[in-house]
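Now for the letters of each chain:
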Amino acid sequence: MVLVAFGCGDNKSKPAGPGSGRGSGSIAIGSGSGSASQQVAAQFDKQCVAGDLEACRNLGVLYAEGIGVVKDTRRAVALLSQACSGNSLAACNHMAMLFSEGLGIEQDLAKAGVLFGKACDGNHGLACRNLGLMLRDGRGVTKDLVRAEQLRDKACTATVPFASTNAGDHDAEIAPTLPAKARQPRWQKMIAHYKAGCDAVDPSACRQLGAAYVEGRGLPKSEGAAVVWLAKSCTKEAVDPRGCLMLGVMKLKGVGGPPDLAAGTAALQRACDRKEATACRLLVANAGSNAGSNAGSSAGSSAGSNTGSNPGSATP
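Residues numbered from 1 in each chain as written. Predicted model: local features only at pLDDT ≥ 70, side-chain atom pairs only at ≥ 80, totals over all residues. Heavy atoms only, no water.

## With respect to the overall build of the chain
Counting its regular elements, the chain contains 14 helices and zero strands. In the chain, the order of α-helices and β-strands from amino to carboxyl end is α-α-α-α-α-α-α-α-α-α-α-α-α-α. Taken over 316 residues, the chain has a buried fraction of 44%. A sequence separation of at least 24 residues applies to 53% of the contacts in the chain between residues at least 6 apart. (Helix = DSSP H or I, 4+ residues; strand = E, 2+ residues; numbered from the N terminus. Buried < 20%, exposed > 50% of the residue type's maximum accessible area, 1.4 Å probe, protein only. Contact = heavy atoms within 4.5 Å.)

## Here's the deal with the packing of helix α11 (residues 223-232) against helix α12 (residues 241-253)
One can describe the packing of α11 onto α12 by two numbers: an axis separation of 9 Å at closest approach and a directional angle of 135°. One finds that α11 runs oblique with respect to α12. When the axes of α11 and α12 are compared, the crossing they make is left-handed. Contacts from E223, A226, V227, L230 and A231 of α11 reach α12 at G243, M246, L247, M250 and K251. (Axes fitted to C-alpha atoms, helices over the stretch in contact; angles between N-to-C directions. Parallel < 35°, antiparallel > 145°, perpendicular 65-115°, else oblique. Left-handed = near helix turned anticlockwise from the far one by under 90°.)

## Quick word on the state of the cysteines
Disulfides are covalent bonds that link the sulfur atoms of two cysteine residues. A full pass over the atoms with the stated rule returns six disulfides. The disulfide bridge from C84 ends at C92, spanning 2.0 Å between sulfur atoms. Sign of the S-S torsion, about 100° for the bond between C84 and C92, identifies this disulfide as right-handed. Classification of C84 by relative accessible area gives buried; the value is 3%. Judged by relative accessible area, which is 0%, C92 ranks as buried. What pairs with C198 in a disulfide is C206, and their sulfur atoms sit 2.0 Å apart. Given an S-S torsion of about 100°, the disulfide between C198 and C206 has right-handed geometry. You'll find C198 and C206 in the same group, each marked buried. What links to what in the chain: the bonded cysteines, counted in sequence order, pair as 1-2, 3-4, 5-6, 7-8, 9-10, 11-12. (Disulfide = S-S within 2.5 Å.)

Right under this line is the structure:
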């Protein structure tokens, strides 16, 4: 079935910084450079000079993002390093992210791994998730799939954004390689991870659950249940483009329920709005098909009506 092809991939596989969710030490002061942001930056500066390491961390984030100050990554690293040395785990995680991605500074994967490790050892869930990704891929650290899985599970338990989905993706990758007896328990673990991710409002995890029901991976095949989970991946608040594409196709074709042109079109539109090319093509194709069908139906109906009601009348 063509829908199966949309189930996997699109992993949230990049390190995440302080703006990535609960418990990550994020600050919310606006994104512009107006007077309010400048005042907040000035206040953090004074507090940092006075020895407040959390203020130094916050100021470092502002310099990294260019909020209320002129963007200066090197200044950001200096401030984050100061806070990290004072055991601000969120600062260590954010500085590691800058080194990992080479954001405004020279990329240094080895240094990123050390910093993620320091923060994770202090039970900073986001850093554990980030280090787990590096260990999975062998980026800057020796590849270690066992420890990578342990760290992702730890981050998932701490409800770190995307960690549960990352863990589920790993389960989906590993399960087919296992002996038959070990395969089903791994599928079930995948389902548990994806459910946790979907509950944490990661729409890609909801889409993966829908795909699992379509394919019968760890769950009995059920197109009706698939539609329920795919709908959660395609809401106004949380949109996974491929989840919307799958939902749109199923609604239009009446898979998992009666055909629903309006719902199918709306789902495809959400996917298209987020640059899902296949959804955009289907929208165009369906629009042309419906236009032709409506025109033919209207013409036939009109002709039949005129002929039946007044066969001798002239038509304009």
